[in-house]
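The lines below spell out each chain.
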Amino acid sequence: MALHRYDALVELIADRAPACGSTTVVAVDGRSGAGKTEFTAGLVEATGAAVLHLDDVYPGWHGLAATPPLVAGVLEAIAAGGTGVAPRWSWVRDEPAPPLRVPPAPLLVLDGVGSGAAVIRPYLSLLIWLDAPTDVRRARALGRDGETYAPFWDVWAEQEEAYLARDRPRHHADLVIPVR
């Protein structure tokens, strides 16, 4: 996405007060393959924000529900002026990796499914939901992660369904962006 396409979003973020201590936190949520990471990369380029990719935190293919409380713990520490620490996951080894340290920053973008969870929302200044049709999402996700992801598509989709029903992130989003 070209930087000029982020101009209005950059202005919107600038108008939002920090809700996490002195850090303004923007969540980019949406189902797998919706384009969150690509969108986040453009937003980070346009703003200079720090980023926390939830892909680094999910504790494996069955770990979506466990992730929002971990991220909320990171944000709680940042709100108190400290450095947040989260467990990290090695997808290559399929095991925990050394912890991830997230220091306070003026602007932090959360990238991933679950970033708009109810437990995280008190720390958010802005929640963005990326919405894409299932066929588009599946093609993108499998094109990105290939055969590694294919056996887990349904497992992950079930967890997304439970998350969507429980936390209703799209309903709480400040901005819904359709992706084709």
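Treat the numbers as computed from the prediction; the structure is a model and nothing was measured. Position labels on residues start from 1 in each chain and follow its written sequence. Totals for whole chains, interfaces and linings use all residues, but because this is a predicted model, local features are given only for residues with pLDDT of at least 70 and pairs of side-chain atoms are given and counted only at 80 or more. To obtain the side-chain values, all non-hydrogen atoms of the structure were included, while hydrogens and water were left out.

1. A few points about helix α2 (residues 36-47)
Then step 1. Counted at 1.5 Å a residue, the expected span for α2 with its 12 residues is 16 Å, and the 16 Å between its end C-alpha atoms agrees.
Then step 2. Burial classification: accessible surface area is computed with a 1.4 Å probe over protein chains only, and a residue below 20% of its type maximum counts as buried, one above 50% as exposed, and the rest as partly exposed. The helix and strand labels rest on DSSP assignments: H or I over at least four residues marks a helix, E over at least two residues marks a strand, and numbering proceeds from the N terminus. Turning to α2, its buried residues are Lys36, Phe39, Thr40, Gly42 and Leu43. End-on view of α2: buried residues confined to an arc of 160°, all on one side of the axis. For α2, the exposed residues set more than 90 degrees away from the buried face come down to Glu38 and Glu45.
Then step 3. Among the structural elements, α1 (7-14), β1 (24-29), β2 (50-53), β5 (107-111), β6 (126-131) and β7 (175-178) are those in contact with the buried residues of α2.
Then step 4. Of the residues trailing α2, glycine 48 is marked for its positive phi of about 75°. By this rule, a helix spans an expected 1.5 Å times one less than how many residues it contains. The reported arc concerns the directions from the helix axis to the C-beta atoms and nothing else. Note on contacts: a residue pair qualifies if any of its non-hydrogen atoms lie within 4.5 Å across the two residues.

2. Here's the deal with the side chain of threonine 24
Then step 1. Within the secondary structure, threonine 24 is located in strand β1.
Then step 2. Beyond its immediate chain neighbours, meaning those up to four positions away, threonine 24 contacts Ile13, Arg16, Ala17, Pro18, Pro106, Leu107, Leu108 and Ser125.

3. Looking at the pattern of salt bridges
Pairing is possible between side chains that carry opposite charge, provided their charged atoms lie close to one another.
Then step 1. By salt bridge we mean one thing: a side-chain nitrogen of Lys or Arg within 4 Å of a carboxyl oxygen of Asp or Glu. Inspection of the entire model under this criterion finds 6 salt bridges.
Then step 2. Taking the shortest distance from any N to any O, the salt bridge between glutamate 160 and arginine 31 comes out at 2.8 Å. Note that glutamate 160 is positioned in helix α5 (residues 153-167) and arginine 31 in the loop between β1 and α2, a separation of 129 residues in sequence.
Then step 3. Aspartate 167 serves as the salt-bridge partner of arginine 166, at 2.6 Å between the closest nitrogen and oxygen.
Then step 4. Classification of aspartate 167 by relative accessible area gives buried; the value is 8%.
Then step 5. Through salt bridges with shared partners, a single ionic network connects Arg31, Glu160 and Glu161.

4. Some remarks on the sheet that holds β7
Then step 1. Strand pairing is defined by DSSP finding a minimum of two bridges between the two strands. Read from one edge of the open sheet, 5 strands run β2-β5-β1-β6-β7, paired in parallel fashion. Each of the sheet's edge strands pairs with one partner strand only, and the pair in question is β2 and β7. Strand-to-strand twist across the sheet, computed as the mean angle between neighbouring axes with direction ignored, equals 20°.
Then step 2. Two elements, β6 and β7, share 4 bridges in a ladder whose sense is parallel. Within β7, the position partnered with isoleucine 128 by the bridge is leucine 175.
Then step 3. Axis lines are fitted through C-alpha atoms, for helices just across the contact stretch, and the angle between N-to-C directions can take any value from 0 to 180 degrees. Seen against the sheet, α1 touches β1, β5, β6 and β7 and runs at an angle of roughly 150° to β6.
Then step 4. Sheet strands touched by helix α3 (residues 67-79): β1, β2 and β5. Its angle to β5, the strand with the most contacts, is close to 175°.

5. Considering α3
Then step 1. Look at α3: 18 Å from first C-alpha to last across 13 residues, which is about the 18 Å you get at 1.5 Å a residue.
Then step 2. Buried residues along α3 sit against β1, β2, β3 (84-90), β4 (95-102) and β5.
Then step 3. Positive phi shows up at glycine 81, right after α3, with a value of about 90°.

6. Digging into unusual backbone geometry
Then step 1. Of note, the phi angle at aspartate 94 is positive, near 55°, even though the residue is not glycine.
Then step 2. Along the chain, aspartate 94 falls in the loop between β3 and β4.
Then step 3. Exposure remark for aspartate 94: the relative accessible area of 49% places this residue in the partly exposed category.
Then step 4. Positive phi, close to 50°, is recorded for arginine 168, a residue that is not glycine.
Then step 5. Locating arginine 168 in the fold gives a position in the loop between α5 and α6 (169-172).

7. Quick notes on the pairing of β3
Then step 1. Relative to β4, β3 is paired through 6 bridges, and the arrangement is antiparallel. Across the sheet, glycine 84 pairs through a bridge with valine 102, a residue of β4.
Then step 2. Hairpin connection from β3 to β4: 4 residues lie between these consecutive antiparallel strands, with aspartate 94 at a positive phi of about 55°.

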